[in-house]
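Here is how the chains run, residue by residue.
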Amino acid sequence: MVHFLHPGLSPRNIVPPDAQKDALGCCVVQEEASPYSLVNICLNFLIANLEKLCSERSDGTLCLPEHWSFPQEVADRFLGVMTWQGKLTDRTASIFQGNQMKLKLVNIQKAKISTAAFTKAFCHHKVIELDATAVHTDLPIPDIISGLCSNSWIQQNLRCLLLDSTSIPQDSRLLFFGQLTGLRVLSVFNVCFHSEDLANVSQLPKLESLDISNTMVTNISALLACKDRLKSLTMHYLKCLTMTKPQILAVIRELKCLLHLDISDHRQLKSDLAFHLLQQKDILPNVVSLDISGGSCITDGAVELFVRQRPAMQFVGLLATDAGYSDFFTTKQGLRVAGGANMSQISEALSRYRNRSCFMKEALYRLFTETFSMQVTMPAILKLVAVGMRNHPLDLPVQFTASACALNLTRQGLARGMPVRLLSEVTCLLFKALKNFPHYQQLQKNCLLSLTNSRILVDVPFDRFDAAKFVMRWLCKHENPKMQTMAVSITSILALQLSSEQTAQLKEELFMAVKELLAIVKQKTTENLDDVTLLFTLKALWNLTDESPAACSHFIENQGLAIFIQVLETFSESAIQSKVLGLWNNIAEVRELSSKLVTEDVVKHISSLLHSKEMEVSYFAAGIIAHLTSDTQPWMSHDLQRSALLQDLYATIQNWPSSSCKMTALVTYRSFKAFFPLLGNFSQPAVQLWALWAMYHVCSKNPSKYCRMLVEEEGLQFLCDIQEHSEADAQAQRIATSILDDFRMHFMNYQRPSLC
């Protein structure tokens, strides 16, 4: 038996942002709130069942059924989804061998596959783009190039090659890109790439875009070899350059075809290259995009003058600089700015720098400041925060700052305007951060605070078992009272959402939580303090013990009965009484433990509260009496007392209003199985009558749930037996008939032979 904490939930419908004011937010809501495409659903199913659908070769790799064939677009997407889900391995990559799949866009980011598997699976296709970002060290760059060059078609037609953060063996020296004559786009960000390699790459006849950020390049003079075709050059954090600034600028001045130049840097390096670049009048005449984020000595005036001299400019990166704050940058039409001056600039920075942790943490810090008192729902910004968290899982500053931003963006009622799928992703990322940084307390606090949001806690899918373990452990840390209250309230709700099997698996956490919760109750009772923490704690204990013999046992082992008797003797509020009795109901349902309740003090309180004017208090007291008196064994020496309780129970139920009446506490049940022994007890009409009254009460409140439960748990036969039994109590028969009538009305489609 449990007490659901949120009888009046906020509407689940979300109100999308105004497209006129927040076009991106409106787009994100539409995308996130829409069902997945049929293609994605099918691909996810195929990937989940790949082992069942495929046969196995002699070497242990998988092979598609012979008659299967995938169009090129679907094959590309299939590979991309496999990679995204982390399912691409030597065993599974083999399905791309042969001609059943025709690939053009190959995405193997972060995949753990060997050189042999890569060559067999992908190098016979007509590949025009390959993204091998951060692939496992089993597949180094020289082997990737060698595999690609084994196919003459790929040599001439491969247009885009992304090798960011991919490994190079220590004994490898020069990287031979020269055979890839069709290459237009190359990225070797964060790779052990040297000046000699740059000289080799600069000879590629069609190269237009090059990213050599965070490499070992010391001299960029080789770029002069491709000055007439290079349109985009990214050299963020080129920390090993030995050239002087005039020498670097002399090379850049010759790159007259450049449309995009990125010379952004880490702020702590205090590079003034960008400062000197801005002073040049005869440089980058055609540039439309300039990124100088992180540069030192940069001023609004210098940037403004540079942009005015190049009216075609569309983007400037100014994050982590002193520029971007003048009116020019907010009024200039067609100019996008990645900076920290306002939400527009921060949003652009989060989007542009999603793969650069140094700028991501800077943008998140600015976002946290901007959203501290946020009153507007911004789903597009929250999605960018999620991207940052996903791309930098092991960067503590990113994870911590992002968790704080997520709190700001979902605080109070803001979460109601966020799509559930987006909230689910953010919540799952928060728990992933907890696992990666288990000892960082402030990150844990942020995660705990996010769970206090009823929208997230009730509506959003996430791993509630892991969440319960985390919150229960936190509960036992003896934090400050405010954090303790939050942990208790979250525990009380999560307890409702776990299955009985999951609760049983908690074991150590469950024992510690029950012990700590009882300690809180004892302290509050001793202090005569019936505050919100006490109420949440009583609810948490009630919900944890629901259909959990282990929790009930822990409760008794930790002197829970004596503590709860003290609660009843200290507080007379019905809200407290109903929670105490609700928990005792849970214990009474456990046959092995119910006898522990047959004590003078417990029976005295139950008997007294049976006559409470508050319906829910009387109801819960009656439930305890029904369960306890249905078993004669504990009453062997108290038979007269048991008979008196049964008479009192019967008389009390006769005076109750209709079973469809309202009660302050919203009673819910996981199962009706604890009622079935009571329903079959024809020798004690009071016991049977209470069980019927209780079942009819919840069936009338939520017929779709409980009428279905009756069918699934085969409870209809008990009702039919009562209806037809010659010696059954007349009122019991009337209630049984009412339940069956309601069932027929709500579930006409059930044709059950047991339905009388």
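Residues numbered from 1 in each chain as written. Predicted model: local features only at pLDDT ≥ 70, side-chain atom pairs only at ≥ 80, totals over all residues. Heavy atoms only, no water.

## Topic: the overall build of the protein
Part 1 of the argument: Counting its regular elements, the protein contains 36 helices and 14 strands.
Part 2 of the argument: Taken along the three principal axes of its C-alpha coordinates, the protein extends 105 × 60 × 50 Å.
Part 3 of the argument: Counting only residues that meet the buried cut, the protein has 54% of its 756 residues in that class.
Part 4 of the argument: For the protein, the computed accessible surface area is about 32,800 Å², with 52% contributed by carbon and sulfur atoms.
Part 5 of the argument: For the protein, the centre of its 70 positive side-chain charges and the centre of its 71 negative side-chain charges are spaced 7 Å apart. (Helix = DSSP H or I, 4+ residues; strand = E, 2+ residues; numbered from the N terminus. Buried < 20%, exposed > 50% of the residue type's maximum accessible area, 1.4 Å probe, protein only. Areas by Shrake-Rupley, 256 points an atom, 1.4 Å probe, with all protein chains shown as cover. Lys, Arg positive; Asp, Glu negative; His and termini not counted. Charge placed at Lys NZ, Arg CZ, Asp CG, Glu CD.)

## Notes on empty space enclosed by the protein
Part 1 of the argument: Tallying each qualifying case throughout the model produces four cavities of 30 Å³ or more.
Part 2 of the argument: Put simply, the largest cavity is a space of about 60 Å³.
Part 3 of the argument: Taken together, Leu382, Ser403, Ala406, Leu407, Thr410, Leu423, Val426, Thr427, Leu430, Ser450 and Ile456 make up the full set of residues lining the largest cavity.
Part 4 of the argument: Counting only elements with at least two residues in the lining of the largest cavity, the list comes to α17 (396–410) and α18 (420–436).
Part 5 of the argument: Of the residues belonging to the lining of the largest cavity, the class tally is seven nonpolar, four polar and no charged. (1 Å grid on protein atoms, 1.4 Å probe; cavity = no way out; pocket = protein on both sides within 12 Å on 5 of 7 lines; lining within 4 Å. Points joined across faces, edges and corners; volume = space filled by probe spheres on them. Nonpolar A, V, L, I, M, F, W, Y, C, P; charged D, E, K, R; others polar.)

## Describing the pattern of salt bridges
Part 1 of the argument: On inspection of all chains with the given rule, the structure shows 24 salt bridges.
Part 2 of the argument: When the shortest N-O distance is used, the salt bridge between Asp262 and Arg356 registers 2.7 Å. Of this pair, Asp262 sits in strand β10 (residues 260–262) while Arg356 sits in the loop between α14 (343–352) and α15 (357–370), placing them 94 residues apart in sequence.
Part 3 of the argument: Residue Asp262 is classed as buried on the basis of its relative accessible area, which comes to 2%.
Part 4 of the argument: The buried category is assigned to Arg356, whose relative accessible area is 12%.
Part 5 of the argument: The shortest N-O distance in the salt bridge between Glu425 and Arg390 comes to 2.2 Å. One end of the pair, Glu425, is in helix α18; the other, Arg390, is in helix α16 (residues 379–391), with 35 residues separating them in the sequence.
Part 6 of the argument: Given the relative accessible area of 23%, Glu425 is considered partly exposed. (Salt bridge = Lys/Arg side-chain N within 4 Å of Asp/Glu carboxyl O.)

## What to know about the side chain of Ser213
Part 1 of the argument: If you trace the backbone, Ser213 turns up in the loop between β8 (209–211) and β9 (232–234).
Part 2 of the argument: With residues near it in sequence (within four places) discarded, Ser213 still touches Val188, Phe189, Asn190, Thr234, Met235, His236 and Arg356. (Contact = heavy atoms within 4.5 Å.)

## Notes on the packing of aromatic side chains
Geometrically, a pair of aromatic rings is defined through the distance of the ring centres and the angle of the planes.
Part 1 of the argument: Applying the stated criterion across every chain yields a total of 25 aromatic pairs.
Part 2 of the argument: Chaining the aromatic ring pairs together yields one cluster made of Trp542, Tyr619, Phe620, Trp656, Tyr669, Phe672, Phe675, Trp690, Trp693 and Tyr706.
Part 3 of the argument: Here Arg310 stacks its cationic end above the ring of Phe306, 3.6 Å away from the centre of that ring.
Part 4 of the argument: For the cation-ring pair, Arg421 lies above Tyr36, with the distance from its terminal atom to the ring centre recorded as 3.9 Å. (Phe/Tyr/Trp six-rings, centres within 6.5 Å; stacked < 30°, edge-to-face > 60°. Lys NZ or Arg CZ within 6 Å of the ring centre and 35° of its normal.)

## What about the nonpolar core?
The nonpolar side chains of soluble globular proteins are, as a tendency, buried together.
Part 1 of the argument: One finds Leu367, Phe555, Phe564, Trp584, Tyr619, Phe672 and Trp690 to be the most contacted residues of the largest nonpolar core, which totals 158 residues.
Part 2 of the argument: Ranked by the residues each element gives to this core, the list is headed by helix α33 (residues 685–701), at twelve residues.
Part 3 of the argument: In contact with Tyr619, not counting residues within four places along its chain, are Trp656, Met663, Val667, Tyr669, Trp690, Trp693 and Ala694.
Part 4 of the argument: If you look at the next biggest cluster of nonpolar residues, it comprises 96 residues, including Leu103, Leu163, Leu186 and Ile292. (Core = buried A, V, L, I, M, F, W, Y, C linked by side-chain atoms within 4.5 Å.)

## Some remarks on the layout of surface pockets
Part 1 of the argument: Its boundaries defined by the atoms lining it, the second largest pocket holds a volume of some 400 Å³.
Part 2 of the argument: Together, 19 residues line the second largest pocket, and Arg336, Ser344, Gln345, Ser347 and Glu348 are the ones closest to its centre.
Part 3 of the argument: For the lining of the second largest pocket, the secondary-structure elements that each account for two or more residues are α1 (23–33), α13 (328–331), β13 (336–338), α14 and α16.
Part 4 of the argument: At five residues, α14 tops the list of elements feeding residues into the lining of the second largest pocket.
Part 5 of the argument: For the lining of the second largest pocket, the residue count by class is ten nonpolar, five polar and four charged.

## Focus: α17
Part 1 of the argument: Under the 1.5 Å per step criterion, the end-to-end length of α17 is 21 Å for 15 residues, consistent within 8% with the ideal 21 Å.
Part 2 of the argument: Within α17, the full set of buried residues consists of Val398, Gln399, Thr401, Ala402, Ser403, Ala404, Cys405, Ala406, Leu407, Asn408, Leu409 and Thr410.
Part 3 of the argument: Phi turns positive one or two residues past the end of α17, at Gln412, with a value near 50°. (Expected span 1.5 Å × (residues − 1).)

## Re the environment of Ala728
Part 1 of the argument: Locating Ala728 in the fold gives a position in the loop between α35 (716–724) and α36 (730–746).
Part 2 of the argument: Look at Ala728 and you get buried, because its relative accessible area is 11%.
Part 3 of the argument: Not counting the four nearest positions on each side in its chain, Ala728 is found in contact with Phe682, Ile722 and Gln733.

## Focus on the environment of Ala540
Part 1 of the argument: With respect to the helices and strands, Ala540 occurs in helix α25 (residues 532–544).
Part 2 of the argument: Overall, Ala540 belongs to the buried group, its relative accessible area being 0%.
Part 3 of the argument: Taking C-alpha positions, Ala540 is 61 Å from Leu259, a pair spaced 281 residues apart along the chain.
Part 4 of the argument: Excluding residues that lie within four positions of it along the chain, Ala540 makes contacts with Val488, Thr491, Ser492 and Leu517.

## Quick notes on the sheet that holds strand β12 (residues 315–317)
Part 1 of the argument: Reading across the sheet, the ten strands line up as β4-β5-β6-β7-β8-β9-β10-β11-β12-β13 and stay open at both edges, with parallel pairing between neighbours. Each having just a single partner strand, β4 (105–107) and β13 make up the two edges of the open sheet. Adjacent strand axes in the sheet meet at a mean angle of 5° when their direction is disregarded.
Part 2 of the argument: The pairing of strand β11 (residues 289–291) with β12 spans three bridges and is classified as parallel. (Pairing = 2+ DSSP bridges. Axes fitted to C-alpha atoms, helices over the stretch in contact; angles between N-to-C directions.)

## Observations concerning the state of the cysteines
Part 1 of the argument: Counted under the stated rule, the structure contains zero disulfides.
Part 2 of the argument: Here Cys27 stays free of any disulfide, with the sulfur of Cys26 as its closest cysteine sulfur at 7.7 Å.
Part 3 of the argument: Unpaired in terms of disulfides, Cys149 finds its nearest cysteine sulfur in Cys123, a separation of 9.3 Å. (Disulfide = S-S within 2.5 Å.)

## A look at the confidence of the model for the protein
Part 1 of the argument: Of all residues in the protein, 95% have pLDDT values of 70 or greater, and the mean over the chain is 91.
Part 2 of the argument: Within the model, the stretch residues 2–13 combines pLDDT values under 50 with 31 contacts to residues more than four positions away or in other chains.
Part 3 of the argument: pLDDT under 50 marks residues 749–755. Its contacts with residues more than four places away, or in other chains, come to twelve contacts. (pLDDT = per-residue confidence, 0-100.)

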